[in-house]
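One-letter residues, chain by chain:
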Amino acid sequence: MKINDNANIEKKGTYANDDNINDDITKLQTNSANKNITPTHVTIPDASYVGWKQISGWEEKDELTAQDELLDLNTETLLDSVIPDKFYGDWYHFVAIFGIGGILSFFFGYFKFSFAPVFIIMSVLALYSRTNSKKYRQSIRELIEKEFAVDKIENDYETIEWLNTFLDKYWIIIEPTVSQLIVTEVNKVLSDNPSIPSFIKNVWIDSFSLGVKPFRIERVKTFANTSPHIAVMDWTVSFTPHDLSDMDIKRLKNYVNQIAIVKAKLPGIKLEVAVSEVSFKVDTRVKLQLMSEFPHIDTVNIQLLTVPEIDFVARLFSNSIFSWEILNIPGLYAMIQFFAKKYMGPIFLPPFSLQLSIPQLLSKSNLSVGVLEINVKKTKNLRLPNSIFNSKHLYIQFKAGHKKLARTKVALDSNNPEWNEKLFILLPSFNEPLNVSIVTERKNIKDKLLASFDFDLNGLSKENMQKNISKVFLSNLKPSGTLEFDARFYPTIERKLLPDGTFEELPDLNTGLSKINIRACRGISDDLTKKVTAYAELYINTKLVMTTSKCTKENVLEWNSEHELLILNRHNCRCKIVLRDRRGNELGSTVQSLNDLIDRENMEKNWIPLKGTKVEICVSTFWKPVKLDEQSSALVYNAPIGAVRLFINKVQFIGKTNAKNPYIRILVNGLTKDRTNDSSESNNFSWNESMYVTVSSPNQRLSLQCMEVTESGHHKSIGKFDVPIQDLFDKDESDRYMENIEDRKRSGKLVLDNKPVADIIYYIAFYPTLPVLTIDELTELNELNERKKKLETMKLKGLEVGSVPSSEKKKIQEEEIEIKDSEDMYSNKMKLDIDELLQYNSGVIAITVLDGEVSQPGLYVQTFFDGSGHSRYTSPRIAIRNIQTGWIMDSMITELEWSVTTFRVTKWRNANKADDCICELSIPTVELVKNCYKQPSIVALTGKSTAKLTVRVSWFPTNSTRLPLSDLITNSGDMTVIVNGADDLIADSKHGRLDPYVKLYLNNSQEPFLKTRHKRTNSPVWEETAAVIVNNRVNDRLHIDVLDYQSSSKSNILGQAILKLSEVNPDEETTLDVPLVNQVGADAGIIHLGFTFNPRYTINVTKQTMKDTNGDIPGLGFIPGVKVGTTAVNAGVSTLGVISKSFGGGKMTSSRRTKRVEEAD
């Protein structure tokens, strides 16, 4: 997202009108709290020429023909046919030209001849010089041809001429597009780069081309004797620009070299710098670390074997031969080479190399690669220089380059100091070794570095834990003692791309890396032309960790100051940002939890209003989990503020679609949370299904995505829509979220490749959860009370002594502030025990799987709730038998007393509830909550094999006033239909006699589930019964056909009717008289039906048969009108020793259900 909402980029051409920038500007203007802010316009001048065709002015007529290619570059001059070859064409002939010219000019000048003889001499010598130059260049070309013709001595290098030939053919095609992209992106960066000095009004690329000639790979050498997962190659890459001398105008238009012209506007002057004719040759060594997962390359190390040979032409003010070439300054080129070696050496030149993490680059993460834990033990045989300034107070310091990363506490023993201290260091990469120094602490003067050594970090990328390391300190290249320490590297956990195109959900760890970037602020002054000065401070849990620089500007102040830190308790991490003016006076502040800042980043809601002001501050926050030790990395669930219900009605495609059996899935912040069944209709697909997703803050992004399963088994997106939910979250006077149920339907556009493809019709509602304290929060609250008691004791001791040191007083004040902030976090939450929580029949259940064991590696653990046929959560692939990294999942439970939770272990990630599994356990959800709430419990899964899971459960109740009928257990079950009889049937035959019978269909099923016998009467009595499984009573339809049996021909339809099953009372027997109509819409009699309904959770999916090789099963989905015999979940209840009294069915009466106002969809 673009920070500077003032920057309205006005450009022309394909790269001028950037939609993303304009969208971001619009967002910033819309979200602004200060509506009087109007953006200032920063205009980027258009690039004059981009690409080799524009640079040279190439047209179709300038294309070189075969005849043009045969033309000799060495066209003859007047003297070529007169002077013998031995008198021109070599270097000493140039010396002769300058010597003769100088002597003759001096002669005629000394004897006071006129200018005419000198002019004649100049003309003759100029013609001779040109003839000599052309002959000299021709001899160089002949030498090059000879080099290509002669066989080279064999060596270990290979040539890649096929790749060079391909580049020669393809480069000329892609060069204009690549140049255009470079100009567009670079000009964007230059337009709002805060590092550009303010006196430079504008900087942009005016002309740019990569030329028509690509770089060349001269030779490659592959090392054979490496480990199987490592590939090492030497590459020699070079580029030599075209020799444009001796070319005519037509050839010059077809042979264009690289050129870049950068212009800058300064006060009263426009500066131009042109760089062209770039040539280089570089020997590189590339090391690839391979891995089995995508993208199959873990790291790439790039090393320059020698200092690159680089040359170029750089001119100031204009790209003309008359302009001043910068490199003509004596010694400048040598100085450039010197500084290149000095500053590139520690990065590229041996033994150093630049390491790139490919998974990190693909994830677009700008955080460190992980955390280095160093356990500093002690030093031995320490021999340090004696000095009157050196003290006995020693500590160990860790640096990377010139940046100090960490230090130990001070040890008082100067001979054999011991620390036994554990430090955490953020590693940006493994490129640069870690410098470890022993330093003496000195009062009033700066500390003195006594000895040091460099620790290579590359070994930690392969072996994450190294114990009992002993390294020698060096002082003046002499050993000065050894340091003993342990090192362990904890990598950040990256999201993995799944075969269906989605990303695997990251574990909800409590520890990780976070980077907070305070980017800008706006709205300080109502006067947009007035310059203001301000800076910002960032506090993490009351501790000041970063102060931005002071910025002076109109309207929008920009800092782009970032701070990266290790978070050990994300759940309780609070960030306070204070804005101050130049004198340090507070202009405003805001306190945000780290979780809320992360959600804001996902929603791109980076502008945060400061409390009580019109000022807004722009903050970007990035997060990557890191699994440290078990205690600090415990999975922590972010308590939900409620659940959003989405009832998916239908999707109407614009035009025709080839989608087959699509389904809708719901995503929160890009992660899949739930899905519907497949729809078997065509073009206009309907589902009439509801999905619940929990939200932990109003700043989360909720999306609906229409998917289909291809014949190859991959899940393909056919449209996506971001659901606007911000208007759902309202608070009452007690600062609690209110229930919001919308009865009106909403519609949105499914978009694919930035084009609308379909309209989606849906309903939405929000059910808030009660703010209750979790078990973890109760523990933290008890610890907070203990800290409060200790603080009071410290205060009493200070009063008794009479005076408190300033450092101790500051510590007490900081502790008071932190305790008060923590108490404010829990002040609005209720403390309920398990019995009080279970009084609420609906709410959000959060299940934490801490660890476990399965029968074999490569399996998945799925979790199902109630009648859903698709897994609510599927674990990552379990690589080994033991589950080492757990997970957290949640779900909205509408009726706790009837709810059923099912754990299944399967080989297939996309398996549904009807597919075979290795083992499973089904248990009433209320019993799961009772047994796993206070302490984790082990649940055992049985079947073909066994599995164990250590589970902890939290329950967040909702005080819902009404829940839709379609979400209750009475919406599914076994329905018995009794066809009693019919009256007043009208015959359509001439003889007036009838032989009627009845067919009953569920929804759009082609096969009837009941067909009665035929009776020879106009008022038949059948008294026939059939049972059918109903998955969605509120939205299902019963299709009734009454036919007249004809033995010799097709039966005639006497009457038809469609009955909504929502009219069937699920609590008692229902009798309905249903009017029939004939094919022309006239009355055709009445049919008498009886219904009994036995509510239970049913399986609404069918077994899948297609399987692919990625552990996925493409969803064949739900077939409307599932045949009789589909079973309900009814096994595995005895695992925790519970009673199945209310489990898997049983007649349900209104007296047994919680009283509530119910409403059909």
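What counts and how
Residues numbered from 1 in each chain as written. Predicted model: local features only at pLDDT ≥ 70, side-chain atom pairs only at ≥ 80, totals over all residues. Heavy atoms only, no water. Helix = DSSP H or I, 4+ residues; strand = E, 2+ residues; numbered from the N terminus. Contact = heavy atoms within 4.5 Å. UniProt positions renumbered as here; feature names shortened; annotations may be inferred. Buried < 20%, exposed > 50% of the residue type's maximum accessible area, 1.4 Å probe, protein only. Lys, Arg positive; Asp, Glu negative; His and termini not counted. Salt bridge = Lys/Arg side-chain N within 4 Å of Asp/Glu carboxyl O. Polar contact = N/O pair within 3.5 Å; in protein donor to acceptor, adjacent residues only side chain to side chain. Core = buried A, V, L, I, M, F, W, Y, C linked by side-chain atoms within 4.5 Å. Pairing = 2+ DSSP bridges. Axes fitted to C-alpha atoms, helices over the stretch in contact; angles between N-to-C directions. Expected span 1.5 Å × (residues − 1). Arc of directions from axis to C-beta.

Participant: Would you mind going over the overall build of the protein chain with me for this structure?
Facilitator: Summing up its helical and strand segments, the protein chain has 15 helices and 54 strands in all. Considering only contacts within the protein chain whose residues lie at least 6 apart along the sequence, 69% involve residues at least 24 apart.

Participant: What am I meant to see in the UniProt feature "transmembrane region" (unreviewed entry) in the protein chain here?
Facilitator: UniProt records the feature "transmembrane region" (unreviewed entry) for residues 91-108 in the present numbering. With 100% helix and 0% strand, residues 91-108 has end C-alpha atoms that lie 27 Å from one another.

Participant: How do you make sense of the side chain of Asp599 when you look at a structure like this?
Facilitator: As for its position among the elements, Asp599 is in helix 11 (residues 594-603). One buried charged residue, Asp599, remains without a salt bridge, the closest side chain of opposite sign being Arg570 at 7.2 Å. Polar contacts involving the side chain of Asp599 include one to the side chain of Ser697, which spans 2.9 Å. When neighbours within four sequence positions are excluded, Asp599 is seen to be in contact with Asn669, Ser696, Ser697, Asn699 and Gln700.

Participant: Teacher, can you tell me more about the nonpolar core here?
Facilitator: In summary, soluble globular proteins display a tendency toward joint burial of nonpolar side chains. Ranked by internal contacts, the top residues of the largest apolar core, which has 53 residues, are Ile845, Ile847, Val905, Leu928, Leu941 and Leu949. Considering each element in turn, this core owes the most residues, six residues, to strand 44 (residues 947-957). Setting aside its immediate chain neighbours within four residues, Ile845 contacts Phe865, Met889, Asp890, Ser891, Ile893, Thr925, Leu928, Val929, Val953, Ser954 and Trp955. Ranked by size, the runner-up nonpolar core spans 31 residues in total, among them Val651, Ile666, Val695 and Leu702.

Participant: Looking at this structure, I do not really get helix 11. What am I missing?
Facilitator: Side chains three or four residues apart in an α-helix point the same way, a direct result of the helix having 3.6 residues per turn. The buried count for helix 11 comes to eight of ten residues, which makes it a mostly enclosed element. Taken together, the buried residues of helix 11 touch strand 18 (512-522), strand 22 (556-567), strand 23 (574-581), strand 24 (586-593), strand 25 (607-609) and strand 26 (616-625). Following helix 11 by one or two positions, Glu604 adopts a phi angle in the positive range, close to 60°.

Participant: I tried to follow the environment of Val709 on my own but got confused; where do I start?
Facilitator: Along the chain, the position of Val709 falls in strand 31 (residues 702-709). Classification of Val709 as buried rests on a relative accessible area of 16%. With 48 residues separating them along the chain, Val709 and Asn661 place their C-alpha atoms 7.6 Å apart.

Participant: I keep staring at the pairing of strand 40 (residues 887-893) and nothing clicks. Help me out?
Facilitator: Every other side chain in a regular strand lies on the same face of the sheet, so the side chains alternate between the two faces. Of all seven residues making up strand 40, seven are buried, and the element is well covered by its neighbours. The alternating pattern of strand 40 places Trp887, Met889, Ser891 and Ile893 and Ile888, Asp890 and Met892 on opposite faces, both of which are buried. As defined by bridge partners, strand 36 (residues 843-853) adjoins strand 40 across seven bridges and the pair is classed as antiparallel. The residue bridging Gly843 from the neighbouring strand is Ile893, located in strand 40.

Participant: Would you explain the pattern of salt bridges in this entry?
Facilitator: Two side chains with opposite charge may pair up if their charged atoms get near one another. This structure, assessed with the given rule, holds 29 salt bridges. Of the charged contacts, one joins Glu537 and Arg580 as a salt bridge, the two residues approaching to 2.9 Å between their closest N and O atoms. In this pair, Glu537 sits in strand 19 (residues 531-540) while Arg580 sits in strand 23, placing the two residues 43 residues apart along the sequence. Residue classification places Glu537 among the buried positions, given a relative accessible area of 9%. What makes Arg580 buried here is its relative accessible area of 17%. In this structure, Arg600 engages Asp596 in a salt bridge whose closest nitrogen and oxygen atoms are separated by 3.8 Å.

Participant: Hey, could you run me through the sheet that holds strand 22 in this one?
Facilitator: Sheets are built from strands that pair by backbone hydrogen bonding, the pairs being arranged parallel or antiparallel. Spatial strand order, 22-18-26-25: four strands in an open sheet with antiparallel pairing. In the strand order of this sheet, the two ends are held by strand 22 and strand 25, each with one partner. Each adjacent strand pair in this sheet contributes to an overall mean axis angle of 30°, direction not counted. In terms of strand pairing, strand 18 meets strand 26 through ten bridges, oriented antiparallel. Its bridge partner lying in strand 26, Asn517 is registered against Ser620.

Participant: Before we go on, may I ask you to explain helix 4 (residues 91-110) in this structure?
Facilitator: Here helix 4 spans 29 Å end to end across 20 residues, near enough to the 28 Å set by a 1.5 Å rise per residue. Taken residue by residue, helix 4 has His93, Ile97, Gly101 and Phe108 as its buried positions. In an axial view of helix 4, the angular spread of the buried residues amounts to 75°, which keeps them on one side of the axis. Within helix 4, the exposed residues directed more than 90 degrees away from the buried face are Trp91, Val95, Phe98, Ile103, Phe106 and Tyr110. The first or second residue beyond helix 4 is Lys112, which carries a positive phi of 60°.

Participant: I keep staring at unusual backbone geometry and nothing clicks. Help me out?
Facilitator: Note: most residues except glycine have negative phi, and most peptide bonds are trans. A cis geometry characterises the amide bond from Pro350 onward to Pro351, with omega recorded as 5°. Residue position: Pro351 is located in the loop between helix 8 (332-344) and strand 9 (354-357). The phi torsion at Asn1003 lies on the positive side, around 55°, for a residue other than glycine. Examined against the element boundaries, Asn1003 turns out to sit in the loop between strand 47 (996-1002) and strand 48 (1010-1011).

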